[in-house]
Amino acid sequence: MLEYSKTILSKVSFDRSLFEKELLKAITSVGEQIEALRAWCYEKFGNQYPKILDRHFKLSH
């Protein structure tokens, strides 16, 4: 599920609202791989969507 989530997030990253929607889905679907998703998202999208990432990864802990 992690790799699938990465693919989807990469494809929708051009649109802020789509990215946020898919990020929420990814957070709920990756289960125990949440830390791997978090690290990857910050590495790949940390400059583009820092507030979205901070908001949703803070809530998932």
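Scroll up a little and you will see the structure.
Not measured: the values here are computed from a predicted model. (Residues numbered from 1 in each chain as written. Predicted model: local features only at pLDDT ≥ 70, side-chain atom pairs only at ≥ 80, totals over all residues. Heavy atoms only, no water.)

**Quick word on the overall build of the chain**
Alright, step 1. Scanning the chain from N- to C-terminus turns up four helices and zero strands.
Alright, step 2. When the helices and strands of the chain are placed in sequence order, the string is α-α-α-α.
Alright, step 3. Relative to the globule expectation of 10 Å for 61 residues, the C-alpha radius of gyration of the chain, 10 Å, shows essentially globular dimensions.
Alright, step 4. With the C-alpha coordinates aligned to their principal axes, the bounding extent of the chain is approximately 25 × 20 × 20 Å. (Helix = DSSP H or I, 4+ residues; strand = E, 2+ residues; numbered from the N terminus. Rg over C-alpha atoms; globule rule 2.2 N^0.38 Å.)

**Things to note about the packing of helix H1 (residues 2–12) against helix H2 (residues 16–29)**
Alright, step 1. Following both chains from N to C, one finds H1 and H2 inclined at 170°, their axes separated by 9 Å at the closest point. Looking at the two axes, H1 sits roughly antiparallel to H2. The segment H1 lies against H2, with Ser5, Ile8, Leu9 and Val12 engaging Leu18, Phe19, Glu22, Leu23, Ala26 and Ser29.
Alright, step 2. Classifying every residue of the contact of H1 with H2 by side-chain character gives seven nonpolar, two polar and one charged. (Axes fitted to C-alpha atoms, helices over the stretch in contact; angles between N-to-C directions. Parallel < 35°, antiparallel > 145°, perpendicular 65-115°, else oblique. Contact = heavy atoms within 4.5 Å. Nonpolar A, V, L, I, M, F, W, Y, C, P; charged D, E, K, R; others polar.)

**What to know about the environment of Leu23**
Alright, step 1. Mapped onto the elements, Leu23 comes out in helix H2.
Alright, step 2. Sequence separation between Leu23 and Glu35 is twelve residues, and the spatial gap between their C-alpha atoms is 13 Å.
Alright, step 3. Discounting residues that sit within four places of it in the chain, Leu23 has contacts with Leu9, Cys41, Ile52, Leu53, His56 and Phe57.

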